[in-house]
Amino acid sequence: MDLRQRLELSGTGLMAMLDREHEYLPTQGYECAHDLGRWWDAALRLEETVGFAIPAELEAASLRNLQLLTDNPDRLLMNNEAIPFLKGKAGINPHNFRETLLAFGGLVRWRRNQWARVAALQLVGAMSKALRPDGSFAFEAFGSWGRAPFTQDPSHTEAKRGGWFDGTATSGRAIEALVWLYETTCEPRVLELARRIAEHHLANSTCLDGSMRPAIVDPENVGHNHSYHGTLRGLLLFGLLTGQHHYVEVIEATYRKAVRLRLVHESGWAPHDLGKLRFPNAQGDPVAEPSSAGDSAQLALWLALRAGHDDLLDDVERLVRARLLPMQVTEDDMRTKPGHHPREMGAWGVYGSCHAEKRCTPDVHAAVIHSLCDIHAHILTSSAAGARVNLHFDAENAALKVVCTRSGETGSAAVTVKRPGNVLIRIPGWAPEASLRLAADGRPLPLRRLGHFAFISADTVGAGGRIELTYALPRRNSEETMLSGRRYRFAWVGDEIVGVDPQDSPDPFYPALEAAHRG
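All values reported here derive from a predicted model rather than from experimental measurement.

Student: Is there a simple way to explain the overall build of the protein chain in this structure?
Tutor: The secondary structure content of the protein chain amounts to 13 helices and 18 strands. Relative to the 2.2 N^0.38 estimate, which gives 24 Å for 519 residues, the radius of gyration of the protein chain is 23 Å and therefore close to what a compact globule would have. Counting only C-alpha atoms and orienting by the principal axes, one finds that the protein chain spans roughly 75 × 50 × 50 Å. Per-residue burial for the protein chain yields a buried fraction of 60% across its 519 residues.

Quick look at the structure:
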């Protein structure tokens, strides 16, 4: 299981997303301006994580387009009517705060681009000026007001209901981009804006005990799951950055009580809508998208690696294996189903059927790349206790090389030691205790636990030595009930789905549930 190969495949489609017939902009998505910001974030992260080469022609065109689509007093990504095919499509869209900051911040971090730094700080200034004490924006205070129409999307207008409003789709989702921009620039004004927004959302978008804020999922609220997840991500990062542990505690509780197995099902299914049902599928369930599953996996990853909740690493791997990888458009999909556009290679998208329909939705594709880059980069990490194998995917760094296999009823993580030292290999929480076996260079070892990991001391294996952890892959069945009352049954082997009933179409993510698995 090599995430690197999947990420490289996704990069092929990401580059093909830029439409040569339309000024090399990402078309056929939510909005060209929005999707361009996500394209920059994904492309630069792919380059950093797996060395993906961005063609010079595409990078130059995308920089020109970024400059053109932020050529306004606020430096906010907006469709520009100077481009003929965008005539009549311009508009002020505060949903793009995050995408603009991600693009600018990435260019500052990985390209040392001074223009992007100046532009980012100009947008920060505009947002700071327009942000009211109650956490809402005075949109008329933006310099672009009156030059372009304001968005009509009800999830982006901060409409108040009983004095409360849902700002997750505007300011909340921007917190994480502000945190990363501050880490890159060390500009106090960036951190100050992040503080003001974070304080508002901790008080108004979460509950201290971790339960779901009822107003978020109220049927009258036009909510957006990916933006809500983005808000939680930003609050966690802000708390970690500033050392304010109460932020971390609230987000950990929210993840456990409101998000895992609820907003994102065990299978990884996650609705696009929160609250009001805006986009139902044929069965009356919300259309779904994998961005929130990726967000949820990243929340679990950060809570594990940066806040000590290592049990959540099981969630990270399950969401990748059970949802993100099965629904990616693969080379086999492209070969066997004619009519696919090159942009669909390695892509992810919004899907109507609950467990089928592989396609490319530009911003969703880029968002999943973002999450998987982070996950891939943290398969192996170092700690005071030793070199850690956090996730059972193939990976290599200066200390270890790991090859993970699953065959029949058995899984294994084989670790070659490159630099002698203590080694920690995560033990999947679902693996039967009696099935666990640990060996070094073929010699059985007693299993010594350190939290959720098997601990192998430095004096056990030298450079070039091999450690292997094996475990059984238990079979089980589960069931999920959708809003419409439609029920899906799943067959699992370990943390992977091997069958579903009923099987959706077209392009199902999983095989049909065999009679032997129905139990």
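From this point, the narrative continues.
Student: Before we go on, may I ask you to explain the packing of aromatic side chains in this structure?
Tutor: The description of an aromatic ring pair rests on the distance of the ring centres and on the angle between the ring planes. Inspection of every chain in the model, using the stated rule, returns 15 aromatic pairs. Between Trp145 and Phe150, the aromatic rings sit 5.7 Å apart at their centres with planes inclined by 50°, giving tilted as the arrangement. Since its relative accessible area comes to 40%, Trp145 is described here as partly exposed. The exposure class assigned to Phe150 is buried, which follows from its relative accessible area of 17%. Three or more aromatic residues link up through ring pairs in this structure, and these residues are Phe97, Phe137, Phe139, Phe142, Trp145 and Phe150. One residue, Arg45, lies across the ring of Trp180, its end atom 4.8 Å from the ring centre. Arg476 extends its terminal NZ or CZ atom over the ring of Trp492, reaching a point 4.6 Å from the ring centre.

Student: What should I look at first to understand the packing of helix α1 (residues 3-16) against helix α2 (residues 32-50) in this one?
Tutor: The description of two packed helices rests on the angle between their axes and on the distance between the axes. Here α1 crosses α2 at 145°, and the two axes come no closer than 11 Å. As for how α1 packs across α2, the hand of that crossing is left-handed. Facing α1, whose interface residues are Arg4, Leu7, Glu8, Ser10, Gly11, Leu14 and Met15, α2 presents Trp39, Ala42, Ala43, Leu46, Thr49 and Val50.

Student: For this particular structure, what's the right way to read the side chain of Gln298?
Tutor: Relative to the elements of secondary structure, Gln298 occurs in helix α10 (residues 291-307). One polar contact links Gln298 to Asp374, side chain to side chain, over a distance of 2.9 Å.

Student: Got a minute to help me understand empty space enclosed by the protein in this structure?
Tutor: In this approach the atoms are scanned with a rolling probe the size of a water molecule, which exposes any empty space left behind. Throughout the structure, instances matching the rule amount to 2 cavities of 30 Å³ or more. Reported here for the largest cavity is a volume of approximately 90 Å³. Taken together, Asp41, Arg45, Leu101, Leu102, Gly105, Gly106, Arg109, Trp110, Ala177, Trp180, Leu181 and Thr184 make up the lining of the largest cavity. For the lining of the largest cavity, the secondary-structure elements that each account for two or more residues are α2, α4 (97-111) and α6 (175-185). For the lining of the largest cavity, the leading source of residues is α4, giving 6 residues. Across the lining of the largest cavity, the residue classes break down as 6 nonpolar, 3 polar and 3 charged. In terms of lining, the second largest cavity is formed by Tyr255, Arg260, Leu261, Val264, His265, Ser296, Arg318 and Leu319. Looking at the lining of the second largest cavity residue by residue, the classes come out as 4 nonpolar, 2 polar and 2 charged.

Student: What exactly am I supposed to notice about the pairing of strand β14 (residues 453-456) here?
Tutor: Remember that side chains alternate between the two faces of the sheet whenever the strand is regular. Here β14 shows two buried faces, one formed by Phe453 and Phe455 and the other by Ala454 and Ile456. When strand β10 (residues 423-426) meets β14, the two strands line up antiparallel, connected through 4 bridges. When the bridges of β14 are listed, Val423 appears paired with Ile456. Examined bridge by bridge, strand β13 (residues 449-450) and β14 share 2 bridges and lie antiparallel to one another. Residue pairing across strands places Leu450 opposite Phe453, the latter belonging to β14. Adjacent in sequence and paired antiparallel, β13 and β14 are bridged by 2 residues, among which Gly451 carries a positive phi angle near 65°.

So, how was this worked out
- Residues numbered from 1 in each chain as written.
- Predicted model: local features only at pLDDT ≥ 70, side-chain atom pairs only at ≥ 80, totals over all residues.
- Heavy atoms only, no water.
- Helix = DSSP H or I, 4+ residues; strand = E, 2+ residues; numbered from the N terminus.
- Rg over C-alpha atoms; globule rule 2.2 N^0.38 Å.
- Buried < 20%, exposed > 50% of the residue type's maximum accessible area, 1.4 Å probe, protein only.
- Phe/Tyr/Trp six-rings, centres within 6.5 Å; stacked < 30°, edge-to-face > 60°.
- Lys NZ or Arg CZ within 6 Å of the ring centre and 35° of its normal.
- Axes fitted to C-alpha atoms, helices over the stretch in contact; angles between N-to-C directions.
- Left-handed = near helix turned anticlockwise from the far one by under 90°.
- Contact = heavy atoms within 4.5 Å.
- Polar contact = N/O pair within 3.5 Å; in protein donor to acceptor, adjacent residues only side chain to side chain.
- 1 Å grid on protein atoms, 1.4 Å probe; cavity = no way out; pocket = protein on both sides within 12 Å on 5 of 7 lines; lining within 4 Å.
- Points joined across faces, edges and corners; volume = space filled by probe spheres on them.
- Nonpolar A, V, L, I, M, F, W, Y, C, P; charged D, E, K, R; others polar.
- Pairing = 2+ DSSP bridges.

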